[in-house]
Amino acid sequence: MINAYSAATSYLLSHGWDEEAITERAGSWTKRDALTIVPFTLEPGSLSWAQFLEGVAGVQRITIADLEREILGARAQATPGPTTDRIELDLHLSGPGVRTHETEARRFGLFVAATADVVTELIKDAYHLARHPNRLQVVGGPGEGSVRIQFREPVPVVDEPLFDYPSATVEGQALHRLAQIFNTADQAAARPTDSLLDAQVILDPGARRALARVARLMSGGGWSADGFLTRPNDRPLAVGLSLAGAHRLRLSTEDAEEKIRTITHHGLMDGWTWSLGEMRFNTDAGKSVRAAVPAGLQLTVAALNSNPDQRVTASFQVLERVGPKGTESTQHALISITPDALLPVDGG
Amino acid sequence: MAGPGPQAIDRRQAWFGPQYVGQVVSQAGYPWKAEPDGNDVYSFDGSVGIHPGTSLHVQVKCYRGTFKHTKSYPIKDAWRANWDDLTQPAYFVVVELPSDLSSWLDHDCVNRWTLARASAYWARIDPLPPEQKSIQVRTADRFTAATVELWREQFLDYADSHGLRRGAVS
């Protein structure tokens, strides 16, 4: 479902508006001397929606009806393709940079190259490698949709190092990680102050730079991406990144003004979300913690979460993003997690 | 929606109020957009383009007669339901008109001017605390072109105090 805040701010980004500030309730956007306030609770049909449309339509010099149509109709409706024996990230690009299934060739080529670089950098980050060959495949041929692009993991080679993950290749794992980051960025676009995006992109500088480049190319190309990650023997995972999401991803990967500290909690697992790479955890002190989980710990977390009574000891990096008016957000990223010894069962 | 032909006095005052407010807003130099007749979906009768990119909403009530110092309007459930969504300053304006319809506008044919025997008074309605039961306007708060300038200042103050204008000079 389209998030109105994300859709509205995607429109603003693609029409020369800049994000001025983010508060607990709203974002403000400027274009020359114009200022519009966009509340996170924005919903089509609401008073805030009417107020937003009226203000922006005056600046853009279009009718309110045309503005509303452009905002709400901007993203492609993707459906998952057939599952193959390899992991695929199937994306439909839409938005102001796409007209009748066409987009600018050079920027599109750079986007494909940058995505391949991100996958390589995510692999290097996850497995602490100094280098890794660029093996990601791209699928040619006609396809429905706006401008469709399919990235596919390579055919596994015999001596492929097998990791504890439901994919034979590291590229497949990295595509999944990329899908999680895209989804987290998209969620951040809907609610910038309630996001784990900064925690999800605690990565090696190379991976952060590569992600920032993809985000910049998407913003510059005027593309939103919607599609699916398809996996053998598993359900397709919906993937989406709006222009506003790409903007948030760029800010999170480029900005570095953060305070980081480490904290350890004891408590109970409270949930795990594959599409976002995100865990929930209740500490013994009664605090609920949402945390980004790096690729190397995701299977462990998923396994621990499958036991509802599993007590664990978890260490987190705590990131405090510092803005001009003080702390803007606090996010957790998991560093390590170990199951606590189960108490002996009294057999009577 | 009104049908064609002359309408009852209640309908006429419902038209006259927002149009009077619009004239004052025009005099101040700001765009005024009145809601189409009978279509105040969000319990507002019009909006002022107070700043490029921002319009502020105004509810207009019309009163025939002369109130002494204050005039109160109980907050209807529908108003509260709509205004709970307010994220920017919003205003309530009461336009006062003579009871006698024929004296609302006085056309001086010799001097070729028109006198509107109307006055208006305003109050800000945001934020609207749950315990507030009515909206009150006072004769001390006369609505004039200067009021619209004040509203603009209030909007910029609002944006500054909520951290929505980073480059603002505090």
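Residues numbered from 1 in each chain as written. Chains lettered and ligands numbered in written order. Predicted model: local features only at pLDDT ≥ 70, side-chain atom pairs only at ≥ 80, totals over all residues. Heavy atoms only, no water.

Undergrad: Hey, could you go over the overall build of chain A for me, with residue numbers and the actual values?
TA: Counting its secondary structure elements, chain A contains nine helices and 13 strands. Put simply, of all contacts in chain A between residues at least 6 apart along the chain, 65% involve residues at least 24 apart. Of the roughly 15,700 Å² of accessible surface on chain A, 51% is carried by carbon and sulfur atoms. (Helix = DSSP H or I, 4+ residues; strand = E, 2+ residues; numbered from the N terminus. Contact = heavy atoms within 4.5 Å. Areas by Shrake-Rupley, 256 points an atom, 1.4 Å probe, with all protein chains shown as cover.)

Undergrad: Provide a residue-level description of the overall build of chain B, including the pertinent values.
TA: From N to C terminus, chain B includes three helices and nine strands. Starting at the N terminus and walking to the C terminus, you meet the elements of chain B as α-β-β-β-β-α-β-β-β-β-β-α. Here the C-alpha radius of gyration of chain B, 17 Å, is about what a compact globule of 170 residues would show, namely 15 Å. Projected onto its principal axes, the C-alpha coordinates of chain B cover approximately 55 × 40 × 35 Å. Looking at the 170 residues of chain B, the share that counts as buried comes to 46%. Looking at chain B as shown, the accessible area adds up to about 9,000 Å², and 51% of this sits on carbon and sulfur atoms. Averaging the coordinates of the 18 positive side-chain charges in chain B and doing the same for the 19 negative ones gives two points 2 Å apart. (Rg over C-alpha atoms; globule rule 2.2 N^0.38 Å. Buried < 20%, exposed > 50% of the residue type's maximum accessible area, 1.4 Å probe, protein only. Lys, Arg positive; Asp, Glu negative; His and termini not counted. Charge placed at Lys NZ, Arg CZ, Asp CG, Glu CD.)

Undergrad: How would you explain the side chain of Ser 46 of chain A if you had to name every residue and give the values?
TA: Residue placement: Ser 46 of chain A occurs in the loop between strand E3 (34-39) and helix H2 (47-60). Not counting residues within four places of it along the chain, the set of residues in contact with Ser 46 of chain A comprises Tyr 42 and Asp 85 of chain B.

Undergrad: Please give an account of the interface of chain A and chain B that cites residues and values.
TA: Each partner contributes residues to the interface: chain A has 30 residues there, and chain B has 25 residues. Of all residues in chain A, Leu 35, Leu 47 and Gln 51 of chain A bury the most surface against chain B, accounting for 30% of the area lost on that side. Inspection of the chain A/chain B interface yields one salt bridge. Put simply, chain A and chain B have nine residue pairs in polar contact (both at pLDDT 80 or more) between them. Taken together, the elements giving at least two residues each to the side of chain A that touches chain B come down to strand E1 (18-22), strand E2 (26-31), E3 and H2 of chain A. With eight residues, the single largest contributor to the side of chain A that touches chain B is H2 of chain A. Within the side of chain A that touches chain B, the residues separate by chemical class into 14 nonpolar, 10 polar and six charged. (Buried area = accessible area lost by both parts, 1.4 Å probe. Salt bridge = Lys/Arg side-chain N within 4 Å of Asp/Glu carboxyl O. Polar contact = N/O pair within 3.5 Å; in protein donor to acceptor, adjacent residues only side chain to side chain. Nonpolar A, V, L, I, M, F, W, Y, C, P; charged D, E, K, R; others polar.)

Undergrad: Explain the pattern of salt bridges residue by residue, including any values.
TA: Side chains carrying opposite charge are able to pair once their charged atoms draw close together. All names here are of chain A. Under the counting rule described, the total for this entry stands at 19 salt bridges over all chains. One salt bridge connects Arg 148 with Asp 90, and the closest N-O pair in it is separated by 2.7 Å. Remark: Asp 90 occurs in strand E4 (residues 88-94) and Arg 148 occurs in strand E6 (residues 147-152); sequence separation between them is 58 residues. Residues joined in a network through salt bridges with shared partners are Asp 194, Glu 278 and Arg 290.

Undergrad: I'd like a description of the pairing of strand E6 (residues 105-108) of chain B, backed by residues and values.
TA: All names here are of chain B. With four bridges connecting them, E6 and strand E7 (residues 113-116) associate as antiparallel partners. Among the inter-strand pairings, Asp 108 is bridged to a residue of E7, identified as Trp 113. Where E6 folds back on E7, the antiparallel hairpin that results is connected by four residues, among which Arg 112 adopts a positive phi of roughly 60°. (Pairing = 2+ DSSP bridges.)

Undergrad: Describe the sheet that holds E1 of chain A, listing the residues and the values that go with them.
TA: Think of a sheet as strands paired side by side through backbone hydrogen bonds, with each pair either parallel or antiparallel. Residue and element names in this part refer to chain A. In spatial order, the strands read E1-E2-E3; together these three strands make up an open sheet with antiparallel pairing. On the outer flanks of this sheet lie E1 and E3, each paired with one strand and no other. The average angle at which neighbouring strand axes cross in this sheet is 25°, direction not considered. For E1 and E2, the ladder comprises four bridges, and the chain directions are antiparallel. Looking at E2, one finds that Asp 18 is bridged to Thr 30. (Axes fitted to C-alpha atoms, helices over the stretch in contact; angles between N-to-C directions.)

Undergrad: I'd like a description of the packing of aromatic side chains, backed by residues and values.
TA: Counting across every chain of the model gives 18 aromatic pairs over all chains. Between Phe 281 of chain A and Phe 316 of chain A, the aromatic rings sit 5.8 Å apart at their centres with planes inclined by 55°, giving tilted as the arrangement. Linking Phe 281 of chain A in strand E10 (residues 278-283) with Phe 316 of chain A in strand E12 (residues 311-323), this pair joins segments that are 35 residues apart in sequence. Summarising the burial analysis for this pair, Phe 281 of chain A and Phe 316 of chain A share the class buried. Pairing Tyr 91 of chain B with Trp 122 of chain B gives two aromatic rings, centres 5.7 Å apart and planes at 65°, and the pair type is edge-to-face. (Phe/Tyr/Trp six-rings, centres within 6.5 Å; stacked < 30°, edge-to-face > 60°.)

Undergrad: Residue-level account of the sheet that holds strand E8 (residues 237-241) of chain A, with values.
TA: All names here are of chain A. Pairing is antiparallel in the open sheet, where five strands are placed in the order E5-E6-E4-E7-E8. Each end of this open sheet is capped by a strand with a single partner; those strands are strand E5 (137-139) and E8. Recorded for the sheet is a direction-independent mean angle of 25° between the axes of neighbouring strands. Direction of pairing for E5 relative to E6: antiparallel, over a ladder of three bridges. The partner of Gln 137 across the bridge, within E6, is Arg 152.

Undergrad: Could you give an account of the packing of helix H1 (residues 4-14) of chain A against helix H3 (residues 64-72) of chain A, naming the residues involved and the relevant values?
TA: Residue and element names in this part refer to chain A. At their nearest, the axes of H1 and H3 sit 9 Å apart, and the two run at 105° to each other. Looking at the two axes, H1 sits roughly perpendicular to H3. Contacts between H1 and H3 involve Ala 7, Ala 8 and Tyr 11 on the former and, on the latter, Leu 67, Glu 70 and Ile 71. Within the contact of H1 with H3, the residues separate by chemical class into five nonpolar, no polar and one charged. (Parallel < 35°, antiparallel > 145°, perpendicular 65-115°, else oblique.)

Undergrad: An account of the confidence of the model for chain A is requested, with residue identities and associated values reported.
TA: Counting all residues, the mean pLDDT for chain A is 86, and 89% of those residues have values of 70 or more. The least confident element of chain A is strand E13 (residues 326-339) of chain A, whose mean pLDDT is 83; the most confident is E3 of chain A, at 94. (pLDDT = per-residue confidence, 0-100.)

Undergrad: Please give an account of the pairing of strand E7 (residues 224-230) of chain A that cites residues and values.
TA: All names here are of chain A. Within E7, seven of the seven residues are buried, leaving the element largely enclosed by the surrounding structure. In this structure, E4 lies alongside E7, joined through seven bridges in antiparallel fashion. Bridge pairing in E7 places Glu 88 opposite Thr 230. With five bridges joining them, E7 and E8 adopt antiparallel strand pairing. Of the residues in E8, the one forming a bridge with Leu 229 is Leu 237.

Undergrad: Give a detailed account of the nonpolar core, specifying residues and quantitative values.
TA: If you look at soluble globular proteins, the nonpolar side chains tend to sit buried side by side. Grouped together as the largest cluster of nonpolar side chains are 45 residues, with contacts concentrated most on Leu 89, Phe 151 and Leu 249 of chain A. Mapped by element, the contributors of at least two residues to this core are E4, helix H4 (105-127), E6, helix H5 (170-190), helix H7 (205-221), E7, E8 and helix H8 (243-254) of chain A. Among all residues touching Phe 151 of chain A, those that are not within four sequence positions of it are Ile 87, Glu 88, Leu 89, Leu 91, Phe 111, Val 112, Thr 115, Leu 136, Gln 137 and Leu 175 of chain A. Among the nonpolar cores identified, the runner-up in size contains 34 residues, and Val 24, Val 58, Cys 62 and Leu 97 of chain B belong to it. (Core = buried A, V, L, I, M, F, W, Y, C linked by side-chain atoms within 4.5 Å.)

Undergrad: Please give an account of unusual backbone geometry that cites residues and values.
TA: Omega for the peptide link from Asp 126 of chain B to Pro 127 of chain B comes to -15°, which places this bond in the cis form. Phi is positive for Arg 32 of chain A, close to 50°, though the residue is something other than glycine. Relative to the assigned elements, Arg 32 of chain A resides in the loop between E2 and E3. For Arg 32 of chain A, a relative accessible area of 72% corresponds to the exposed category.

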